[in-house]
Amino acid sequence: MSKKTLLNSKEIHIILHRLACQLIENHNNFENTVLIGIQPRGIYFAERLATILQNEYGISNIKLGHLDITFYRDDFRRREAPLEANKTQIDFIVEDKNVVFIDDVLFSGRSIRAALTAIQSFGRPSNIELLVLIDRRFSRHLPIQPDYLGRQVDVINEEKVIVHWKEKDTKDAVYIINN
């Protein structure tokens, strides 16, 4: 197994700030915008962005939620091991709001499709955007594209993109692993 570093901690830091600035450009004061981290690993990314927006750019009214899509996935019954659900934490209304889904890696698009279905349980947003750290652009099964993008990468199907967040994995890094 070989492991190649795609992004180091400093590069991730720069990307986080660029994405925060792009969100500010499009959503100004976030009065009508909510951020939703997709469970499990999109929540670390979403929390980091929310912290940057609040602490470094002075946006005080960030609404941040976590969305579990486990049982909305179209492949959840096809797995051999039983799935463990995560916790959805959305304590605000999404009706008529701009929703920004946040996830670490966009691969086939199935997680985002599941998120689109799951969010309907909380109301009908006026607009939904997608922000991802890594876009594996040639592996899409569904016609889903990000609105905000950290880095685009071309990898073959046997390769995996693994994102490490310091909150969970002790350091920030993105790796391409070839089995």
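Refer to the structure above for everything that follows.
Described below are features of the structure shown in this document. (Residues numbered from 1 in each chain as written. Predicted model: local features only at pLDDT ≥ 70, side-chain atom pairs only at ≥ 80, totals over all residues. Heavy atoms only, no water.)

Some points on the packing of aromatic side chains
In the structure shown here, the tally under the stated rule is one aromatic pair. Ring centres 5.4 Å apart and planes at 20° place the aromatic pair Phe45 and Trp165 in the stacked group. Taken together, the residues span a long stretch of sequence, with Phe45 in helix 2 (residues 42-55) and Trp165 in the loop between strand 7 (159-164) and helix 4 (166-169) at a distance of 120 residues. Residue class for Phe45 comes out buried when judged on its relative accessible area of 0%. Over the aromatic face of Tyr175 sits the side chain of Lys3, whose NZ or CZ is 4.2 Å from the ring centroid. (Phe/Tyr/Trp six-rings, centres within 6.5 Å; stacked < 30°, edge-to-face > 60°. Helix = DSSP H or I, 4+ residues; strand = E, 2+ residues; numbered from the N terminus. Buried < 20%, exposed > 50% of the residue type's maximum accessible area, 1.4 Å probe, protein only. Lys NZ or Arg CZ within 6 Å of the ring centre and 35° of its normal.)

What about the sheet that holds strand 7?
Strand order in the open sheet made by the three strands is 1-8-7, with antiparallel pairing throughout. A strand with exactly one partner marks an edge of an open sheet, and here the two such strands are strand 1 (2-7) and strand 7. On average, adjacent strands in this sheet sit at an angle of 30° to one another, irrespective of strand direction. Note that strand 1 and strand 8 (residues 173-178) share five bridges and pair antiparallel. Within strand 8, the position partnered with Leu7 by the bridge is Val174. Along the sheet, helix 1 (residues 9-27) contacts strand 1 and strand 8; its crossing angle with strand 1, the most-contacted strand, is approximately 40°. (Pairing = 2+ DSSP bridges. Axes fitted to C-alpha atoms, helices over the stretch in contact; angles between N-to-C directions. Contact = heavy atoms within 4.5 Å.)

Quick look at the nonpolar core
With 34 residues, the main nonpolar core has Phe45, Leu131, Leu133, Ile134 and Val174 as its most contacted residues. Counting residues per element, the ones that place at least two in this core are strand 1, helix 1, helix 2, strand 4 (98-106), strand 5 (127-136), strand 6 (148-153), strand 7 and strand 8. Take this core: its biggest share by element is eight residues, from helix 2. Excluding residues within four positions of it along the chain, Phe45 makes contact with Leu16, Leu19, Ile102, Asp103, Asp104, Leu131, Val132, Leu133 and Trp165. Within the second largest apolar cluster, 19 residues are counted, among which are Ile36, Leu106, Ile112 and Ala114. (Core = buried A, V, L, I, M, F, W, Y, C linked by side-chain atoms within 4.5 Å.)

Side note on the pairing of strand 5
Most of strand 5 sits inside the fold, with eight of its ten residues counted as buried. Both strand 4 and strand 5 contribute to a ladder of eight bridges, which runs parallel. Its bridge partner lying in strand 5, Asn98 is registered against Asn127. A crossover links strand 4 with its parallel partner strand 5, the connecting element being helix 3 (residues 110-119), and its sense is right-handed. (Right-handed = clockwise from strand over helix to strand, strands pointing away.)

As for the sheet that holds strand 6
Strand order across the open sheet formed by five strands is 3-2-4-5-6, with parallel pairing between neighbours. In this open sheet, the two edge strands, each paired with only one partner strand, are strand 3 (63-67) and strand 6. Strand-to-strand, the axes of this sheet are offset by a mean angle of 25°, without reference to chain direction. When strand 2 (residues 33-38) meets strand 3, the two strands line up parallel, connected through five bridges. Among the inter-strand pairings, Gly37 is bridged to a residue of strand 3, identified as His66. Along the sheet face, helix 2 touches strand 2, strand 3, strand 4 and strand 5 and points at about 125° away from the line of strand 4.

So, to be careful, I would describe these as geometric facts and stop short of saying anything about function.
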